[in-house]
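Commentary on secondary and tertiary structure
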Amino acid sequence: MDSKITEREQWTSRLGFILAAAGSAVGLGNLWGFAYRSSQGGGAAFVLLYLLIVLIVCLPVFVAEMALGRNTMTSTLLAPVKLAGKNWYPLGILFFIAPLGIASYYSVIMGWTADTLFHSLFIGLPKNLTEAETFFGSISTGKSVLLGHLLSLVLTALIVSSGIKKGIEKVTRFFMPILFIIIVVLAIWASTLSGAWEGYKTFLFKFDFAELTNPQTIRNAFTQAFFSLSLGIGIMVTYASYLNRKSNLPKLSIGVASLDTLVGLLAGFITFPIVLTFGLSDAISESTVGALFISIPTALGSYGAVGRIVAVAFFALAYIAAITSSVSLLEVPVSSLMDKFGFKRKNSVWLITVFLFLAGIPSALNLNIFATVDSIFGGVLLIFGGFLVSFFMGWVVPSKFNDELNASKVGIKTTRYLKFMTRWVAPPIIAFGLLISLFDLLKSWVS
Ligand code: TRP
């Protein structure tokens, strides 16, 4: 049954929101993206920068996005206009287009993940690196990649079409605890490997100060922080629009951001010991987007039956994490069409799903296009969006931001801190990150 358009759904509880928002945050970004970016040479400097950005910049942006959603109780397309007038419609449009851009290729990675999972389950793991590379080649081209892309989109659509409570909240409530259990068990298993310590050292302590000023490392850290927290394109605006008036926004943000960062680090505690134990650092540091899908199966392939079980657990974990993220990417444009044109949820979902399938075909068939779309939509646009959100809440409608902080009853100190950060700290730092990232991106295109 479709709910009436006039009645806005709400999460059943605060935990429901936290799990759904953490479900959005924890995804392939934590597993695939973290391994991919941290292995591009930044090492521990990348991890440090990423953590600092989350703490100093992303937390205030997170609260600002939620404040925008809860204050307007509307979807991202209309929220900025509702608070600050027609001139801000482009911001709404950015929030509409950016998630579509990410969703169009996110389902492609989900397809690779599903393929690797099935292969580990039914056929077995590759015997060596060459075999693994051939395997990745075969799943990232032709019919197989299109099928994975399509199935992942359909699965996502089925969940989103069931709505907030019966779809997204139900699925995330069920899967998030399972996901945490798998990831902790895998991290414990990885700690027993002979290269575990070497892995931790490489990941956390191999500090090269020069990397702190390397534009590529800076871009990777900003991208990872925004991508992993699902910030900058209105996801949290949408999710917070289904919250009740009394929820404490800063507390919720800290909860979600901590869970996400913890999972990001735990994922590093899984992948780095595996990669170093099996001497694959070279394979991973030649990092292509396929690094995770090549190095993990190769490493586990030399570990017999246990390796195969771990591979199945790992890729199942990745797929679960991905699905709870892709639902958030679909929900944002879906709710915008519902609010703007009065579309029924189901119609809105399927319309956008067909669009996403078509829009994702170039990324599915060509890894260069894939990487380019990712670096634009999953990179610089997020950072730009993060800048706009903090500027908007900090400078354009500060009184609304204040209202939401007061409604959250967080106390005068926290309120002052967040207002200060959103006005004076986040916008300049993000602007700096954006410039460096743009510069680095353009440089990678010319070279
Ligand atoms: N955060 C998710 C991940 O880490 C991906 C994701 C979902 C996302 N929604 C988003 C990224 C919105 C950026 C913006 O895999």
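From a predicted model like this one, the values you see are computed outputs, not experimental measurements.

**Side note on a positive patch on the surface**
Together, Lys 165, Lys 166, Lys 170 and Lys 346 line one region of the surface with positive charge. Within the element layout of this structure, Lys 170 appears in helix 7 (residues 164-191). Given the relative accessible area of 56%, Lys 170 is considered exposed.

**Section: the pattern of salt bridges**
Evaluated as defined, the whole model comprises seven salt bridges. Note that Arg 173 is salt-bridged to Glu 169, the shortest N-O span being 3.2 Å. Linking Arg 173 with Glu 169, this pair stays in helix 7, spanning four residues, or about one helical turn. A residue is classified by how much of its surface remains accessible, and Arg 173, at 33% relative accessible area, is partly exposed. On the basis of relative accessible area, Glu 169 is assigned to the buried category, the value being 2%. A salt bridge links Arg 245 to Glu 404; the nearest nitrogen and oxygen atoms lie 3.5 Å apart. Of this pair, Arg 245 sits in the loop between helix 10 (235-240) and helix 11 (249-277) while Glu 404 sits in helix 17 (residues 398-407), and the two are 159 residues apart along the sequence. When its relative accessible area of 4% is taken as the criterion, Glu 404 is described as buried.

**Observations concerning the packing of helix 14 (residues 304-341) against helix 15 (residues 345-365)**
Packing of helix 14 against helix 15 brings their axes to within 9 Å, and their N-to-C directions diverge by 130°. By the angle between their directions, the pair helix 14 and helix 15 is classed as oblique. Remark: the crossing between helix 14 and helix 15 carries right-handed chirality. Contacts between helix 14 and helix 15 involve Leu 330, Glu 331, Pro 333, Val 334, Leu 337 and Met 338 from the first element and Arg 345, Ser 348, Val 349, Leu 351, Ile 352, Thr 353 and Leu 356 from the second. Grouping the amino acids of the contact of helix 14 with helix 15 by side-chain chemistry returns nine nonpolar, two polar and two charged.

**Focus on the site of the ligand**
Taken together, the neighbourhood of the ligand is formed by 17 residues, with Ala 25, Leu 28, Gly 29, Tyr 106 and Phe 227 sitting nearest. In the environment of the ligand, an oxygen atom lies 3.0 Å from a nitrogen or oxygen atom belonging to the backbone of Leu 28. Between the ligand and Ser 328 there is a distance of 3.3 Å, counted from a nitrogen atom to a side-chain nitrogen or oxygen. When isolated, the ligand has an accessible area of 360 Å², and the protein chains bury 100% of it. Judged by the fraction of its atoms near the pocket grid, the ligand is located in the largest cavity. For the shell around the ligand, the elements supplying multiple residues, two or more each, are helix 1 (14-25), helix 2 (28-72), helix 4 (89-123), helix 9 (215-228) and helix 14. Of the residues assigned to the shell around the ligand, the class counts are nine nonpolar, eight polar and no charged.

**A closer look at the layout of surface pockets**
In this structure, the second largest pocket occupies an estimated 510 Å³ of space. In terms of lining, the second largest pocket is formed by 23 residues, of which the most central are Tyr 36, Gln 40, Arg 219, Ala 371 and Ser 375. Broken down by secondary-structure element, the contributors of at least two residues to the lining of the second largest pocket are helix 2, helix 9, helix 16 (367-396) and helix 18 (412-446). When residues in the lining of the second largest pocket are grouped by element, the largest group, eight residues, is from helix 16.

**A closer look at the nonpolar core**
Core analysis: the biggest nonpolar cluster contains 150 residues, and Phe 17, Trp 112 and Phe 226 have the highest contact counts within it. Of the residues forming this core, the biggest block, 22 residues, is contributed by helix 2. Contacts of Trp 112, omitting those with residues within four sequence positions, involve Phe 136, Ile 139, Ser 140, Val 145, Val 289, Phe 293, Leu 367 and Phe 370.

**Some details on unusual backbone geometry**
Its identity is not glycine, yet Ser 230 carries a phi of approximately 55°, on the positive side. Inspection of the secondary structure assignment puts Ser 230 in the loop between helix 9 and helix 10. Its relative accessible area of 11% is what places Ser 230 among the buried residues. Here Lys 409, not a glycine, exhibits a phi torsion of approximately 50°, which is positive. Counting through the fold element by element, Lys 409 comes out in the loop between helix 17 and helix 18.

**Quick look at a nonpolar patch on the surface**
A contiguous nonpolar patch, built from Leu 48, Leu 52, Leu 55, Ile 56, Phe 207, Phe 209 and Ile 429 and spanning about 600 Å² of accessible area, is present on the exposed surface. Among the elements that line the nonpolar patch, the one with the most residues is helix 2, at four residues. Within the secondary structure layout, Phe 209 lies in the loop between helix 8 (196-205) and helix 9. Exposure remark for Phe 209: the relative accessible area of 63% places this residue in the exposed category.

**Observations regarding helix 4**
Its 35 residues give helix 4 an end-to-end C-alpha distance of 51 Å, which sits within 8% of 51 Å, the value for a rise of 1.5 Å per residue. Of the residues flanking the end of helix 4, it is Gly 124, one or two places downstream, whose phi is positive at about 130°.

Thresholds applied
Residues numbered from 1 in each chain as written. Predicted model: local features only at pLDDT ≥ 70, side-chain atom pairs only at ≥ 80, totals over all residues. Heavy atoms only, no water. Patch = residues over 30% accessible without salt bridge, like charges linked within 9 Å, V, L, I, M, F, W, Y side chains within 5 Å. Areas by Shrake-Rupley, 256 points an atom, 1.4 Å probe, with all protein chains shown as cover. Salt bridge = Lys/Arg side-chain N within 4 Å of Asp/Glu carboxyl O. Lys, Arg positive; Asp, Glu negative; His and termini not counted. Charge placed at Lys NZ, Arg CZ, Asp CG, Glu CD. Helix = DSSP H or I, 4+ residues; strand = E, 2+ residues; numbered from the N terminus. Buried < 20%, exposed > 50% of the residue type's maximum accessible area, 1.4 Å probe, protein only. Axes fitted to C-alpha atoms, helices over the stretch in contact; angles between N-to-C directions. Parallel < 35°, antiparallel > 145°, perpendicular 65-115°, else oblique. Left-handed = near helix turned anticlockwise from the far one by under 90°. Contact = heavy atoms within 4.5 Å. Nonpolar A, V, L, I, M, F, W, Y, C, P; charged D, E, K, R; others polar. Near = heavy atom within 4 Å. Polar contact = N/O pair within 3.5 Å; in protein donor to acceptor, adjacent residues only side chain to side chain. 1 Å grid on protein atoms, 1.4 Å probe; cavity = no way out; pocket = protein on both sides within 12 Å on 5 of 7 lines; lining within 4 Å. Sits in = over half its atoms within 2 Å of the grid points. Points joined across faces, edges and corners; volume = space filled by probe spheres on them. Core = buried A, V, L, I, M, F, W, Y, C linked by side-chain atoms within 4.5 Å. Expected span 1.5 Å × (residues − 1).

The analysis is restricted to geometry; functional conclusions fall outside its scope.
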